[in-house]
Amino acid sequence: MIRNILGSLVALAGAASAVLSPFRDWYAGRAGQDYRLEDLFGGITAAESGVLVSILLPFLAAALLVIVGVVLRSRLVVALAGLVVLGFTILWMVRQGQAAGSLVVAGDGSGLQVGVVNALAGGLLMLIGALLMSGRGRRGRRGRRSRREREPVEPYAAPAADQVDTWPPTQEPGMSVQTSPWPEPEVDPYTGPDPRDPRTRSYPQAPHPEDDPRDPVHPPHRPPPQG
């Protein structure tokens, strides 16, 4: 958050410097707004230019990109704005050097002047602001990761009565590696052969529970010997 605020302020300062630079002198007392935008591609001429068709136009577009990048917290958009300002400034320097034969810096105002410095400084400040910004992509991924970590993990559903050996669900048959927390179903004790089956009808039958004097839970014990 702090990095985004600091980077945004630096980038906005660079945009302001770039927009103000065409209103200052660029070379030999000639303001930047007097250079036509088409002169940057066809060669510098002495023809005067309107404000909206001068070198101010790409700087205004770069300032709008900075505003959009700050709102969206996009480092790429802010860096693109800085490259636009630096690109058009360097292109102007190349064309001006071709027209004048060379570029000089003189104290009497016959060479490069403060307007060019403002434009170059504005483009560099935009790039520095883009580097200082943390952006939103990394923070968004961190937020999605933390939300996934906070989501509760759904437990396995309780197994069916006939699938107690498949807990938790696996792709391999056999006993599970984890004991189910649910109680296993009780199996009825064996009470002997079925009397309705003709194959086992002659087998001895176990007494009914109500007719068995023994305790079905506790086996009978032999009485202790009398001393």
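Anything mentioned here points back to the structure above.
Scope of this entry: the structure provided in the associated data block.

Rules used throughout
Residues numbered from 1 in each chain as written. Predicted model: local features only at pLDDT ≥ 70, side-chain atom pairs only at ≥ 80, totals over all residues. Heavy atoms only, no water. Core = buried A, V, L, I, M, F, W, Y, C linked by side-chain atoms within 4.5 Å. Buried < 20%, exposed > 50% of the residue type's maximum accessible area, 1.4 Å probe, protein only. Helix = DSSP H or I, 4+ residues; strand = E, 2+ residues; numbered from the N terminus. Contact = heavy atoms within 4.5 Å. Axes fitted to C-alpha atoms, helices over the stretch in contact; angles between N-to-C directions. Parallel < 35°, antiparallel > 145°, perpendicular 65-115°, else oblique. Left-handed = near helix turned anticlockwise from the far one by under 90°. Nonpolar A, V, L, I, M, F, W, Y, C, P; charged D, E, K, R; others polar. Patch = residues over 30% accessible without salt bridge, like charges linked within 9 Å, V, L, I, M, F, W, Y side chains within 5 Å. Areas by Shrake-Rupley, 256 points an atom, 1.4 Å probe, with all protein chains shown as cover. Salt bridge = Lys/Arg side-chain N within 4 Å of Asp/Glu carboxyl O.

### So, the nonpolar core
For step 1, the next point in the chain: W26, W92 and M126 are the most contacted members of the largest nonpolar core, which has 26 residues in total.
For step 2, the next point in the chain: Where this core is concerned, the elements lending two or more residues are α1 (2-20), β1 (25-27), α3 (56-72), α4 (75-100) and α5 (114-132).
For step 3, the next point in the chain: Tallying contributions element by element places α3 first for this core, with 5 residues.

### Some thoughts on the side chain of N118
For step 1, the next point in the chain: Tracing the backbone through its elements, the reader meets N118 in helix α5.
For step 2, the next point in the chain: On the basis of relative accessibility, which here comes to 17%, the residue N118 falls in the buried class.
For step 3, the next point in the chain: Sequence-distant contacts of N118, defined by excluding residues within four places in its chain, comprise S17, A18, S21 and R24.

### Regarding the packing of α1 against α5
For step 1, the next point in the chain: Two elements in contact, α1 and α5, have axes separated by 7 Å at closest approach and are oriented at 165 degrees. When the axes of α1 and α5 are compared, the pair comes out roughly antiparallel. Considering only the axes of α1 and α5, their crossing is left-handed. Between α1 and α5, the contacting residues are R3, L6, G7, V10, A11, A13, G14, A15, S17 and A18 on the first element and N118, G122, L125, M126, I128, G129, L131 and L132 on the second.
For step 2, the next point in the chain: Looking at the contact of α1 with α5 residue by residue, the class counts come to 11 nonpolar, 6 polar and 1 charged.

### Section: the environment of S74
For step 1, the next point in the chain: Relative to the helices and strands, S74 resides in the loop between α3 and α4.
For step 2, the next point in the chain: Along the sequence, S74 and R136 sit 62 residues apart, while their C-alpha atoms lie 7.0 Å from each other.
For step 3, the next point in the chain: Ignoring anything within four residues of it in the chain, the contact list for S74 reads G69 and M133.

### Some remarks on unusual backbone geometry
For step 1, the next point in the chain: Phi is positive for A28, close to 55 degrees, though the residue is something other than glycine.
For step 2, the next point in the chain: The residue A28 is located in the loop between β1 and β2 (30-31) in this model.
For step 3, the next point in the chain: By relative accessible area, which is 46% here, A28 ends up partly exposed.
For step 4, the next point in the chain: Even without being a glycine, R73 presents a positive backbone phi close to 55 degrees.
For step 5, the next point in the chain: Mapped onto the secondary structure, R73 falls in the loop between α3 and α4.
For step 6, the next point in the chain: Owing to a relative accessible area of 27%, R73 belongs among the partly exposed residues under this scheme.

### Re a nonpolar patch on the surface
For step 1, the next point in the chain: Judged by side-chain polarity, L12, L64, I67, V68, V71 and L72 come together as a nonpolar surface patch covering roughly 540 Å² of accessible area.
For step 2, the next point in the chain: Here the element with the most residues in the nonpolar patch is α3; it accounts for 5 residues.
For step 3, the next point in the chain: Position of L72 among the secondary structure elements: in helix α3.

Taken by themselves, the reported measurements are silent on function.
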